[in-house]
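Structural overview
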Amino acid sequence: MDTAGKKAGTVSLETRDLTIRFGGHVAVNSVSCAFKAGTLTAIVGPNGAGKTTYFNLISGQLTASTGQVLLHGKDISHLQASARMHAGLGRAFQLTSLFPRLTVLENVRLALQSRRELGLDMWHIWSDHKDLITRAEEVLETVALANKRNIYAAALPHGDQRKLEVGLLMALDPSIYMFDEPTAGMSVDEVPVILDLIRGLKAKSDKTILLVEHKMDVVRELADRIIVLHNGTLMADGEPEAVIASPVVQQAYLGLAPVGEAA
Ligand SMILES: Nc1ncnc2c1ncn2[C@@H]1O[C@H](COP(=O)(O)OP(=O)(O)OP(=O)(O)O)[C@@H](O)[C@H]1O
């Protein structure tokens, strides 16, 4: 596999003047931003700011009106979502990536098979690939689902389904991980498991992680950097404390009066 640009500290992903218009509405407006391997960047902003649309443009669910997406220095703007995934862009999709009628183990197995380009044939001679079995077991341990390996994905509680999605993403071993509100809809006791998984990925120093998240306590804890989108425009970019404290963010995102102004 091409390892160019995957070392911690090098730019792995970049958007240049990325823009999409829906009719007269500019949902993402000329966003230029570079993301480095080994960092976790939180993307925040009010509802409708363009965060999910920005994600869709990066992962290929939407095609930009103008601008580019570069992965390890290569322009991938023209590629379909599946080709971007094969190139190393991994996005967790809420529940849509699971095969509900297959077991937890079978879901991971198919993700591993597709990563090895062995196809999605359920009847593939799995026992010929002992390393894949070992890897599937590791993934299930990591996402704390080893004891549920034989349960159908559809029968899992919501929190476990979200863990399985992260497991499938790990099985694909992308260089970029994209999470859009990974803890949404989870119970209080399920949230720490997902955060631990993201923390674990962060510890693997060559991964680039993008996280759309509304919960500021999660952002504060996990992010090395925050970018703020507002009306589709990149409004702030920097270290978490500085961005959160900036008057422009306090006013536009947190809905507070700018510093020095009466409430
Ligand atoms: N397919 C589409 N067609 C038309 N308008 C769209 C489309 N997708 C998004 N938009 C508009 O683009 C803007 C940005 O939406 P987006 O979902 O990206 O915001 P967001 O920051 O992710 O919001 P939230 O935090 O509520 O999820 C919104 O005004 C939305 O209505």
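Scroll up to find the structure.
Nothing here was measured: the structure is a model prediction, and the numbers come from that model. (Residues numbered from 1 in each chain as written. Predicted model: local features only at pLDDT ≥ 70, side-chain atom pairs only at ≥ 80, totals over all residues.)

The strands making up a sheet are joined through hydrogen bonds of the backbone, oriented either antiparallel or parallel. One open sheet accounts for 6 strands, arranged β6-β7-β8-β3-β9-β10; its pairing is mixed. Because the sheet does not close on itself, it has two edges, and the strands there are β6 (89–92) and β10 (233–238). Adjacent strand axes in the sheet meet at a mean angle of 20° when their direction is disregarded. When strand β3 (residues 40–44) meets strand β8 (residues 208–212), the two strands line up parallel, connected through 4 bridges. When the sheet's bridge partners are listed, T41 is paired in β8 with L210. On the sheet, helix α1 (residues 51–59) packs against β3, β6, β7 (176–180), β8 and β9 (225–230) and is oriented at approximately 150° with respect to β7. (Pairing = 2+ DSSP bridges. Helix = DSSP H or I, 4+ residues; strand = E, 2+ residues; numbered from the N terminus. Axes fitted to C-alpha atoms, helices over the stretch in contact; angles between N-to-C directions. Contact = placed C-beta atoms within 7 Å.)

What follows deals with the sheet that holds strand β1 (residues 11–22). Overall, antiparallel pairing links the 4 strands, which are arranged β2-β1-β4-β5 in an open sheet. Of all strands in the sheet, those with a lone pairing partner are β2 (25–36) and β5 (74–75), marking the two edges. In this sheet, strand β4 (residues 66–71) lies alongside β1 in antiparallel orientation, the contact comprising 5 bridges. Across the sheet, T19 pairs through a bridge with T66, a residue of β4. Packed on one face of the sheet, α1 meets β1, β2 and β4 and runs near 65° to β2.

Even without glycine at this site, D173 takes up a positive phi of about 50°. Residue placement: D173 occurs in the loop between α5 (158–172) and β7. Of note in the backbone geometry, N231 takes a positive phi value of approximately 50° without being a glycine. Among the secondary structure elements, N231 is positioned in the loop between β9 and β10. Overall, N231 belongs to the partly exposed group, with 16 C-beta atoms counted inside 10 Å. (Buried ≥ 20, exposed ≤ 12 C-beta atoms within 10 Å, placed from the backbone.)

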